[in-house]
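What follows is the residue order along each chain.
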Amino acid sequence: MKNGPKTLLESLDALIEKHHLLKHPFYQAWTQGKLSRQSLALYAEQYYQHVRAFPENLKQLAGRTNGDASLGNLVKENLAEELDPTAPHPMLWRQFAETFGVSEAALEDSRPLPGIAALLDTYDEAASQGTKAQAVAAFYAYESQVPEIATQKIAGLRRFYGVTEPRALAYFAVHEEADVRHRASWREWLSQQNDADTVAVLCATERSLKALWGALDAVYPQGCVSKN
């Protein structure tokens, strides 16, 4: 066994594993085919708020890199993929939502449930006010989970909900691959932050992880019953 204190990355990975979204009742029900189409429609409508806000969060951090060329480049690369003119990620999400009867008007006009609003606020705060290490850790906490989640979502949609059109699955197919690279980039940058305030970074990361969990609670409140 390894002796001595954990590195920042080891501590971050332990936190992410503790709060991993594949452990949430909503995603467990998804992978078991136990969600109603109405539940998936509500999720598609509400979670779009985060999908739409994420590029804006990246822009917020991009404006605060303060001469850190490596961080500036990786944020710009991430943002360029999010807003790819041929297939911007919010558009791909709208294609998924359409499969469950959610119109573009409904997506644009929906008011966020409290748990979704809290997620938006958490990432806005991290990106605009947190230290660079806190912001990157929050992005890492999210994107590091996405490839495995996307794989499980695609499998569940195909097997249980009859969703097989590439157009409807494109958002998840893209993130199955892209966030493997994003995860590695965030990790590389974080591994070099020897002067970061570890406690502050871990606290910010835990807030973001709990906000991600709370967003799923918001669209699947029945999953909270067993915890009370």
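See the structure printed just above.
Below is a short write-up of the structure. Because the structure is a prediction, the values reported are computed rather than measured. (Residues numbered from 1 in each chain as written. Predicted model: local features only at pLDDT ≥ 70, side-chain atom pairs only at ≥ 80, totals over all residues. Heavy atoms only, no water.)

1. Let's talk about the overall build of the protein
The secondary structure content of the protein amounts to 11 helices and zero strands. Along the protein, from the amino end to the carboxyl end, the secondary structure elements read α-α-α-α-α-α-α-α-α-α-α. Relative to the 2.2 N^0.38 estimate, which gives 17 Å for 228 residues, the radius of gyration of the protein is 17 Å and therefore close to what a compact globule would have. Expressed as lengths along the three principal axes of its C-alpha atoms, the size of the protein is roughly 50 × 45 × 30 Å. Taken across its 228 residues, the protein has 50% of its residues classed as buried. Considering only intrachain contacts with a sequence separation of at least 6, the fraction spanning at least 24 residues in the protein is 84%. (Helix = DSSP H or I, 4+ residues; strand = E, 2+ residues; numbered from the N terminus. Rg over C-alpha atoms; globule rule 2.2 N^0.38 Å. Buried < 20%, exposed > 50% of the residue type's maximum accessible area, 1.4 Å probe, protein only. Contact = heavy atoms within 4.5 Å.)

2. Notes on empty space enclosed by the protein
Tallying each qualifying case throughout the model produces two cavities of 30 Å³ or more. In this model, the largest cavity occupies a volume close to 120 Å³. Taken together, 13 residues form the lining of the largest cavity, with Tyr27, Tyr142, Val146, Ile149 and Lys153 sitting closest to its centre. Where the lining of the largest cavity is concerned, the elements lending two or more residues are helix H3 (37-62), helix H9 (146-161) and helix H10 (166-191). (1 Å grid on protein atoms, 1.4 Å probe; cavity = no way out; pocket = protein on both sides within 12 Å on 5 of 7 lines; lining within 4 Å. Points joined across faces, edges and corners; volume = space filled by probe spheres on them.)

3. Some details on the packing of H3 against helix H7 (residues 114-129)
Between two packed helices, what matters for the description is the angle formed by their axes and the separation of those axes. Between H3 and H7, the least distance of the axes is 9 Å, while the angle of their chain directions is 5 degrees. Looking at the two axes, H3 sits roughly parallel to H7. Mapping the contact onto sequence places Gln46, Tyr47, Gln49, His50, Ala53, Asn57, Gln60 and Leu61 in H3 and Ile116, Leu119, Leu120, Tyr123, Asp124, Ala127 and Ser128 in H7. (Axes fitted to C-alpha atoms, helices over the stretch in contact; angles between N-to-C directions. Parallel < 35°, antiparallel > 145°, perpendicular 65-115°, else oblique.)

4. With respect to the packing of aromatic side chains
Within a pair of aromatic rings, the relevant descriptors are the distance that separates the centres and the angle that separates the planes. Enumeration over the complete set of coordinates arrives at 24 aromatic pairs. With centroids separated by 5.9 Å and ring planes inclined at 90 degrees, the aromatic side chains of Phe26 and Trp30 adopt a geometry described as edge-to-face. With Phe26 and Trp30 both in helix H2 (residues 25-31) and four residues apart, the pair spans about one turn of that helix. Per residue, the accessibility class of Phe26 equals that of Trp30, and both read buried. With a centroid separation of 5.5 Å and 65 degrees between ring planes, the pair formed by Phe26 and Tyr220 is classed as edge-to-face. Linking Phe26 in helix H2 with Tyr220 in the segment after helix H11 (198-219), this pair joins segments that are 194 residues apart in sequence. This pair shows no difference in class: Phe26 is buried, exactly as Tyr220 is. (Phe/Tyr/Trp six-rings, centres within 6.5 Å; stacked < 30°, edge-to-face > 60°.)

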